[in-house]
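Residue-level listing of the chains:
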Amino acid sequence: QVQLVESGGGLVQAGGSLRLSCAASGSIFSINTMGWYRQAPGKQRELVAAVTGSGTINYAESVKGRFTISRDNAQNTVILQMNSLKPEDTAVYYCGALVVRVSGTNPETYWGQGTQVTVSS
């Protein structure tokens, strides 16, 4: 099995910063894309930022210039540094990873348990 363990999150005032960390462990051969997604009440889960295995980074338009994602392939970790937070960033943030468990097999999607980020105005 594969586990994604998240840390960080919490309550912060608008304009503040938070740092989210995610570590993948378990039966892992390689990880393709690894990143952060969020889901606000009544809304669908959406991409925040993700890094492919080759290092290509994608950000949601709404977070560009404020959030920075970084990945450590050796440690199977991904970090999201969130600056200049806004109330509309309030959501449950999930770490997601596309994992190849055995060489030559198809990748599978795994999710962390989610961490709440609340930004007060």
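Read on for an overview of the structure. For every chain, the first residue of the written sequence is number 1, and numbering continues from 1 along that sequence. Owing to the predicted nature of the model, reporting of local features is limited to residues with pLDDT of at least 70; listing and counting of side-chain atom pairs is limited to 80 or more, with chain, interface and lining totals taken over all residues. Here the side-chain values reflect all heavy atoms present in the structure, with hydrogen atoms and water set aside.

### Examining the sheet that holds strand S3 (residues 18-26)
Then step 1. The pairing criterion for strands is at least two bridges between them, as found by DSSP. Elements are defined by DSSP. Helices are runs of H or I of four residues or more, strands are runs of E of two residues or more, and each kind is numbered from the N terminus. Spatial ordering of the open sheet is given by S1-S3-S8-S7, a layout of 4 strands whose pairing is antiparallel. Whereas interior strands pair on both sides, the edge strands pair on one side only; in this sheet they are strand S1 (2-7) and strand S7 (67-72). Neighbour to neighbour, the strand axes of the sheet diverge by 15° on average, direction disregarded.
Then step 2. Sheet analysis places S3 next to strand S8 (residues 77-82), joined by 6 bridges and oriented antiparallel. When the bridges of S8 are listed, Cys22 appears paired with Val78. Axis definition: a line fitted to C-alpha atoms, limited for helices to the stretch in contact. Angles are taken between N-to-C directions and run from 0 to 180 degrees.

### Comments concerning the environment of Leu20
Then step 1. Relative to the helices and strands, Leu20 is located in strand S3.
Then step 2. When the C-alpha positions of Leu20 and Gly10 are compared, they lie 9.7 Å apart, and in sequence the two are 10 residues distant.
Then step 3. By the convention used here, residues are in contact when the closest approach between their heavy atoms is within 4.5 Å. Beyond its immediate chain neighbours, meaning those up to four positions away, Leu20 contacts Ser7, Gly8, Gly9, Trp36, Val78, Ile79, Leu80, Met82, Tyr93, Thr115 and Val117.

### Details of the side chain of Arg66
Then step 1. Along the chain, Arg66 falls in the loop between strand S6 (57-59) and S7.
Then step 2. Its relative accessible area of 10% is what places Arg66 among the buried residues.
Then step 3. Look past the residues within four positions of Arg66 in its chain and what remains in contact with it is Gln81, Met82, Asn83, Ser84, Leu85, Lys86 and Asp89. Burial classes: relative accessible area under 20% of the type maximum marks a residue as buried, over 50% as exposed, and values in between as partly exposed (1.4 Å probe, protein chains only).

### Points about unusual backbone geometry
Then step 1. Even without glycine at this site, Asn76 takes up a positive phi of about 55°.
Then step 2. Mapped onto the secondary structure, Asn76 falls in the loop between S7 and S8.
Then step 3. You will see that Ser84, though not glycine, has its phi angle at about 50°, which is positive.
Then step 4. Among the secondary structure elements, Ser84 is positioned in the loop between S8 and strand S9 (91-100).
Then step 5. In this structure Ser84 comes out as partly exposed when scored by relative accessible area, which is 39%.

Honestly, that's just the spatial picture; any functional story needs more than this.
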